[in-house]
Structures are given as C-alpha cells and as structure tokens.
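Survey of secondary and tertiary structure
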Amino acid sequence: MPTFSNPVLAGSHPDPSICRVGEDFYLVTSSFAYYPGIPVLHSRDLVSWQPLGHVVDRPSQVSLTGLDVSDGLWAATIRHHEGTFYVVVALARGRQGSTTHLFTASDPAGPWSDPVVLEAEGIDPSLFFDDDGRCWFTACRDAAEPEVTGPGELWMRELDLDRPALTGPTHALWYGAMRGAWVEAPHLYKRDGVYHLIGAEGGTERHHAVTAARADAVTGPYSTDPRSPLLTHRHRGAAEPIHNVGHVDLVDTPAGETWAVALGVRPLDGTHTLGREVFLVPVEWTAAGPVFAPDAGRVRLSERLPAGTGAGAAAPVGPVRDDFGGTVLGPEWSSLRGPVGHLVSPHPGEGGLTIRLSPEPLTGTGTPAFVARRQQHLRMRARARVRFTATAPTQEAGLVVFQHAHHATLALTADASGTPHVVLTAHEAGSPSRLGTVAVASAEVVLVVDSDESGYTFHVEDGTRTTLGSIERPFFSTERAGGFVGVHLGLYGIGGADAGEAHVHWFEYAPAR
C-alpha cells in the first residue's frame, strides 16, 4: 500500500486549520509574533504543501509591536463559503486572548482584507457554516463558574456576514470531557443531521488530547462523547516518536474520505526543538461519531496515502541555497513583529542581502534587524557567507539560532583594538555567555552551525574551519526555553545608531544524514 511520511509540514507549524474548495486544500497555522503572519499553504493531495502567502502581510492590519515571541496570532481557522475565504484568529497578549480578528479574501493567495474586530473574548476562534447558510462563531474562554463546570468553556454566537458582527444571544456549549482540564480548539461539523463539536483538552504538552461532544441542534445542548478522548498519545511511553497530539481540524476529500490535520511534536529524550508540526491522520465516521486513526489508534510516522488524490511522497526540504536575487525575501523567511525592509533588503539581480545594524536587541519586543526560517530537521547544517567590518565590540552581525527566550549568536565583530573576530555567545533569558572567540584574517567569512541529536556545533570558515564550541540540544528546546515556537535559524545585525551594514552573499540550509 502506498504511504507518505508524517509530519506533512515539518518545523514550527502549530494549530493547523484546513478547508477544501473543489479539489484544492488550504491550510493555515499559528505564527505568533513572527511576521508576515498566518501562513497560507495549498495542496492537491493533503501531503505536499506549497506556500501561497500570508493573511497578515501589512503592518496596518494588526500591530504585533510590544508582544512576546509566543504571543501574537494564535490558532487561526480558515473556512470558505460562497466564493469568499474567511480566516478568524485571536491576538494574544500576556498569554491571554486580547482581540479577535476576521479577515476575508476572494483568493487565498491574497490580498486579504483589513480585519474586522469581533466582540469576542477568549482564544481559538472558529467558524461553522450550517446548511441554511447561517454562520456560527465558536471560541473558548474562562468558565463563569469554574468550581462547578471546570476551568474552560466553549461558547457560540451567530456571525452576521453582512455587517460583519456577532449577533444574537451567547450560547454556552460545553465544558469538556475532563472537568479538571481546560477545553480549547473548538471546531464544529455536521454529519447526518448531528452536530459534532471537537475540542482539545489537557494543554498543548504531554497530556494533549482530542475530545468531543454532540447535539441535535447547532446551539445545543451538547452531550460529551463517552469515547473521549478520541485521539491522544498521553498514555504512550517515552519511546513513542510522536507526542503532544491534538488540536485537530477535519476535511473531506473529493473521494469521500475524511482526514484530520493535527499538531504533534517529535521529542528526543523528553525534549523537542522543532516545535509543533502538522500531522495527517485518517478519520472514519461511524454512528457514534468520528474515529481517528481507525487502523492504529494513534498518529503514525508512516501512513497510507489518501484515496483518489494522486498523492505522492512529500517533497523533501533542502538542501536550499538562497542568493537573495529576488525583489523580496521568499515565503520561508520571517521577521519579528513587523516588516524589516528598511533594515534587511535583498539585491534584485545581483544577489546578496544587506543588513543595516539596529540597536533593537533580539531579546526586546520591537522589530530587530533579523530574518529567519524554521528549522525542519533534527540533523541539519546552516551556512552563510557574511561580510562585515565592525568598528567596536558592540557591533555584530551573523548567524543566530533563535528559540523564544534562548538563542545563540555566531557573529562577526571586533575586539577593542578593532581586530575582526568571530564570537559564539549563548543567551539564556537575556543573560549572555561567551563560549568561544577566534580572530579572523578577513571581515568576510562563512559562518556554520550543525545540528544533531546531541546539540548545535558552531564553526567559522576562513581559509580553514575552526570550531568555536557546542551547545547541548535541550538548551533550545521548548521544555527549557519555554513558549510555543520551534527553533528558527536566522541572520541578524546589532549595533548603535548609524552602526553600518553587513552583507550576506548567500544562506544555505541542508538536511544531514
């Protein structure tokens, strides 16, 4: 039987949501404080995904300034109705829902509209279009009586698409199957006249689980599916290759099958660095409701191909070399909290990337001179050819391995006498530790980082290769660094006002065996 390899989207792509229009599938994921926000991807087979663009690609749409890396745009839902695509998303501040935004587009590649702010509290918003054309908005929030019902509540209001605005009464739908746990990630589906409310409980870590309730009317009352949890890996041992499974969204294929996209992580010795990734899971409908992974009862690294889609093996990522010869950076590159065109700019035709040093630190809440791409393989090598002449030790430019509160920089700088050096520095919760330094003969070098099961090793190539040091892999893990994102590999420049420019000739990313 032909198979594909999970995950279908490797690297940090949390909280997937999916919809289908004809034979085309569209998917969005959380982007947090990374910009552009809410990536949109397209597939014809559910296995191979190509980037189309982003929902948030103009700073006028949403301000991310001042937000922590793991705040920002959380758990968007994408839906299509009568020729219009809808994306609804919560903007989080201080790990709590702040505002809820509704975007629309006639083409999922964009442009997407400026948002409408909905009168909604909580996080994880979703939309459901019923057979009569009415649209229902669901989300999760703190329960009014947590000591009675449990801490979380899934709730609903009707969405008037003409205004657009929430209208009518608020309906409390469900408090989850596990009364001591927060219930989130609500998505609503209708099958044979029955409404199925799918949620997630147990947090997004080890105890993550998919639970469900059902009702005969869209506004309820909803009764817990007694089979809950319908999908989880929390009961599996440490040797299980996939953990933290949950936050699903369902889609029907043209061939009549149902599949779920789910988030999960691939830990090693209890920690993971790549973030939450997108896994594809078969679903079978029964009289009792959906059955996830009916043949295995769990998410597998190798799964049968969807029927009738012509799916093939997902195209492997890399090796990739970017010479920066386009007018804009490719869709794999992100900045923090806003556009950095005034700080980081490619050179159309001739190639290369100019980084104008900025005083904004990578640990701040502004927009530093920084661009990065997701790490998508445990074993990989990233290289960049960088030219930079520093005039003071406070000026630096180079490679960065970035993960929430922890990051490491491999940078061209200068010592007090102005002699060019490459310095390796580990930054833990804002505290830097210099791990290695070497004088170099030229202000132009190749900076290298290798990653494997044990950790990250940093080198400089300046005629010969010099290894400056290594950092253990758990240093960059979510379990140690915190937050909700995976490792990003980037280019950056830091210095005072008018601190000069660095030039990146090329950047390479390659999986390693």
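Above this note sits the structure.
Summary of the structure given here. (Residues numbered from 1 in each chain as written. Predicted model: local features only at pLDDT ≥ 70, side-chain atom pairs only at ≥ 80, totals over all residues. Heavy atoms only, no water.)

Some thoughts on the sheet that holds strand 38 (residues 488-494)
Strand order across the open sheet formed by 6 strands is 29-38-31-32-33-34, with antiparallel pairing between neighbours. Every interior strand has two partners, whereas the edge strands, strand 29 (369-374) and strand 34 (431-439), have only one. Between one strand axis and the next, the sheet turns through 20° on average, direction left out of account. Pairing geometry for strand 29 and strand 38, over 6 bridges, is antiparallel. The partner of Arg 374 across the bridge, within strand 38, is His 488. (Pairing = 2+ DSSP bridges. Helix = DSSP H or I, 4+ residues; strand = E, 2+ residues; numbered from the N terminus. Axes fitted to C-alpha atoms, helices over the stretch in contact; angles between N-to-C directions.)

Description of the sheet that holds strand 8 (residues 84-93)
Strand order in the open sheet formed by 4 strands is 7-8-9-10, with antiparallel pairing between adjacent strands. Here the strands that pair on one side only, and so sit at the sheet edges, are strand 7 (72-81) and strand 10 (116-118). Recorded for the sheet is a direction-independent mean angle of 25° between the axes of neighbouring strands. Where strand 7 meets strand 8, 8 bridges bridge the pair, whose relative direction is antiparallel.

Considerations on the side chain of His 459
Here His 459 shows up in strand 36 (residues 455-461). A polar atom in the side chain of His 459 sits 2.8 Å from the side chain of Asp 450. His 459 has contacts with Leu 410, Val 446, Leu 447, Val 448, Asp 450, Arg 465, Thr 466 and Thr 467, leaving out every residue within four places of it along the chain. (Polar contact = N/O pair within 3.5 Å; in protein donor to acceptor, adjacent residues only side chain to side chain. Contact = heavy atoms within 4.5 Å.)

Some remarks on the pattern of salt bridges
A complete count under the given rule lists 32 salt bridges for this structure. The closest approach of N and O atoms between Arg 58 and Asp 114, which form a salt bridge, is 2.9 Å. With Arg 58 in the loop between strand 6 (50-56) and strand 7 and Asp 114 in the loop between strand 9 (96-105) and strand 10, this residue pair connects regions lying 56 residues apart in the sequence. Of the charged contacts, one joins Glu 257 and Arg 304 as a salt bridge, the two residues approaching to 3.1 Å between their closest N and O atoms. Separated by 47 residues along the polypeptide, Glu 257 in the loop between strand 20 (243-252) and strand 21 (258-265) and Arg 304 in strand 24 (residues 302-304) bring together distant segments of the chain. One connected set of salt bridges, linked through shared partners, spans Arg 321, Asp 323, Arg 383, Glu 461, Arg 465 and Glu 508. (Salt bridge = Lys/Arg side-chain N within 4 Å of Asp/Glu carboxyl O.)

With respect to the nonpolar core
Nonpolar side chains in soluble globular proteins generally cluster together in the buried interior. The biggest cluster of nonpolar side chains holds 45 residues, and the ones touching the most others in it are Val 422, Phe 458, Leu 491 and Phe 507. Apart from the residues within four sequence positions on either side, Val 422 is in contact with Leu 410, Ala 411, Leu 412, Gly 436, Thr 437, Val 438, Val 440, Val 445, Leu 447, Val 460 and Leu 468. Membership of the second largest hydrophobic core comes to 33 residues, among which are Phe 32, Trp 174, Leu 197 and Leu 362. (Core = buried A, V, L, I, M, F, W, Y, C linked by side-chain atoms within 4.5 Å. Buried < 20%, exposed > 50% of the residue type's maximum accessible area, 1.4 Å probe, protein only.)

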